[in-house]
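Fold and geometry: a report
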Amino acid sequence: MAIAAAITLPLTTPSRRFLASASANPIRFSSPLTAQPKYLKIAAGRGTQCPNFRICAASSMRIEAPEKGSPDSFLDRKESDILHFVKYHGLGNDFILVDNRDTTEPKVSPDQAVKLCDRNFGIGADGVIFAMPGVNGTDYTMRIFNSDGSEPEMCGNGIRCLAKFIAELENSRGKQSFTIHTGAGLIVPEIQEDGKVRVDMGEPILKATDVPTKLPPNKDQSVVKARLDVDGSAWNVTCVSMGNPHCVTFGTSQSQDLQVDELNLSDIGPKFEHHVMFPARTNTEFVQVFSPTHLKMRVWERGAGATLACGTGACAVVVAAVLEDRAARRCTVDLPGGPLDIEWSEKDNHIYMTGPAEVVFYGSVPL
Ligand SMILES: N[C@@H](CCC[C@H](N)C(=O)O)C(=O)O
């Protein structure tokens, strides 16, 4: 699969920055969700060997603004050997979104996903997400491949991006919600009037064997404040599944006052991810408590490494903080890419996550 591509940029911040270097003449752009979208098209010849997608695209840049087509007509294109996609991000956790509504087989294989996600030789992303037909009466199904090609059950930032993508595919605006079948069961995102997406993430799973973890559980089967030996230190961990597994830590038995910026994440993260106590590997969240309603976390994701944000991770962090008596049920969680609002409702035991999801660019690659 040679990655040569055309990308089409909307007016989101990163694109604007890109545009600024692309053209001395300021061009006005509108949001992809407004009535008259205008796009800058940057093209690289199809079939061209393009070792670096972005530089190659920029070096053969041509500007077509405004382009006649809308995002809808762009995504309507159906060449069999070309993948049309939209890249989105939720707080810098970025995904290649694929319109897969016409088939229940992902249009991209795990191996192709690895290549597409590569930040030097591909488009660059933390994962590839497929909008697929719903099952059992749900509106849609979401499937996702991590950047290492593995398939997780759920993705919190990804499902906010998926909701925006579906709204764009359906050409709908304003407040709306969708029922989405995922590997974690039914998830319900709702696009708010302010453009943010509030997601009913369902209930957390605490039973050790379901997380899954082999750490010895407490009497109620949960693993809360357990000891996990990693890299010569005894870490205190709480294990939570949001459909996908999370190991949350506020520090070691020596120090509960974790300064998350000081962590060497790429060194310690993989040691948690592949720890023998986590048979399905694990995502790991390192957390610092500013106040009972304000937490800060860094994450090492299973199958994706250090990312700028993790929605399911932020949910797991608030559950763990409540169980460890460190925080209230509603918190702002700061991630490297920005804040998420998380609430673990006492009423229905569901977790509600609110945050942004934005288009980065539109593109096409030969498969
Ligand atoms: N970034 C995601 C989580 C994606 C899946 C994760 N890497 C896993 O393998 O479980 C999120 O926002 O939740």
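Residues numbered from 1 in each chain as written. Predicted model: local features only at pLDDT ≥ 70, side-chain atom pairs only at ≥ 80, totals over all residues.

**Description of the overall build of the protein**
Worth spelling out the cut-off: Starting at the N terminus, helices and strands are each numbered in turn, a helix being any DSSP run of H or I of at least four residues and a strand any DSSP run of E of at least two. For every residue, the other C-beta atoms within 10 Å of its own C-beta are counted; 20 or more classify it as buried, 12 or fewer as exposed, and values in between as partly exposed. C-beta atoms are placed from the backbone.
Along the backbone of the protein there are 7 helices and 20 strands. Per-residue burial over the protein gives 46% buried out of 367 residues.

**With respect to the site of the ligand**
What counts, and what does not: The rule is simple: place the C-beta atom from the backbone, and if it lies within 6 Å of a molecule or strand, the residue is near it. For this classification, Asp, Glu, Lys and Arg are treated as charged, while Ala, Val, Leu, Ile, Met, Phe, Trp, Tyr, Cys and Pro are nonpolar and the rest, including Gly, are polar.
Within the structure, the ligand sits among 18 residues, and Pro152, Asn157, Asn244, Gly311 and Thr312 are positioned closest to it. Residues belonging to the shell around the ligand are distributed by class as follows: 4 nonpolar, 12 polar and 2 charged.

**Thoughts on the domain arrangement of the protein**
What counts here: Delimitation of the domains relies on an automatic or database domain assignment. Note that contacts rest on C-beta atoms placed from the backbone: two residues are in contact if these are within 7 Å.
The domain boundaries assigned to the protein delineate domain 1 (82-201) and domain 2 (208-349). One C-alpha centre belongs to domain 1, the other to domain 2; they are set 24 Å apart. Opposite the 22 residues of domain 1 that make contact, domain 2 presents 18 residues. Of the residues forming the side of domain 1 that touches domain 2, the biggest block, 3 residues, is contributed by helix H5 (residues 156-169). Partitioning the side of domain 1 that touches domain 2 into residue classes produces 6 nonpolar, 12 polar and 4 charged.

**Digging into the nonpolar core**
We apply this condition: When buried Ala, Val, Leu, Ile, Met, Phe, Trp, Tyr and Cys residues are joined through C-beta atoms within 7 Å, the set is termed a nonpolar core.
Leu97, Val128, Leu162, Ala314, Val317 and Val318 are the most contacted members of the largest nonpolar core, which totals 89 residues. Broken down by element, this core gets its largest block of residues, 8 residues, from helix H7 (residues 311-323). Residue-level mapping places this core at the junction of two domains, with at least three residues from each of domain 1 (82-201) and domain 2 (208-349). Ignoring sequence-local partners within four residues, the contact set of valine 318 consists of Ala327, Cys331, Val333, Ile342 and Trp344.

**Brief notes about the pairing of strand E13 (residues 245-252)**
Note the cut-off: By this definition, two strands are paired if DSSP reports at least two bridges between them. Seen with its strands pointing away from the viewer, a crossover is right-handed if its path from the first strand over the helix to the second goes clockwise.
By the criterion of burial, E13 is predominantly enclosed, with 6 of the 8 residues buried. Across 7 bridges, the pairing between strand E12 (residues 233-241) and E13 is antiparallel. For valine 237, the partnering residue across the bridge sits in E13 and is threonine 249. The loop that links E12 with its antiparallel partner E13 comprises 3 residues; one of these, glycine 243, has a positive phi angle of about 100°. Sheet topology note: the E13/strand E14 (residues 283-291) ladder contains 4 bridges and is parallel. Note on E14: the bridge partner recorded for threonine 249 is phenylalanine 286. Handedness of the crossover joining E13 and E14 through helix H6 (residues 265-273) is recorded here as right-handed.

**What about H6?**
Stated precisely, the cut-off is as follows: Directions drawn from the helix axis to the C-beta atoms are what define this arc.
Within H6, burial applies to Gly269, Phe272 and Glu273. What you see down the axis of H6 is that its buried residues fit within an arc of 95°, all on one side. With respect to the buried face of H6, the exposed residues turned more than 90 degrees away are Asp267 and Lys271. Where H6 is buried, its residues touch strand E11 (226-230), E13, E14, strand E15 (294-301) and strand E16 (305-306).

**Points about unusual backbone geometry**
With an omega of -5°, the peptide bond between valine 211 and proline 212 qualifies as cis. Its location among the elements puts proline 212 in the loop between strand E10 (197-200) and E11. Even without a glycine there, the phi angle at asparagine 136 is positive, about 50°. Residue placement: asparagine 136 occurs in the loop between strand E5 (127-133) and strand E6 (140-146).

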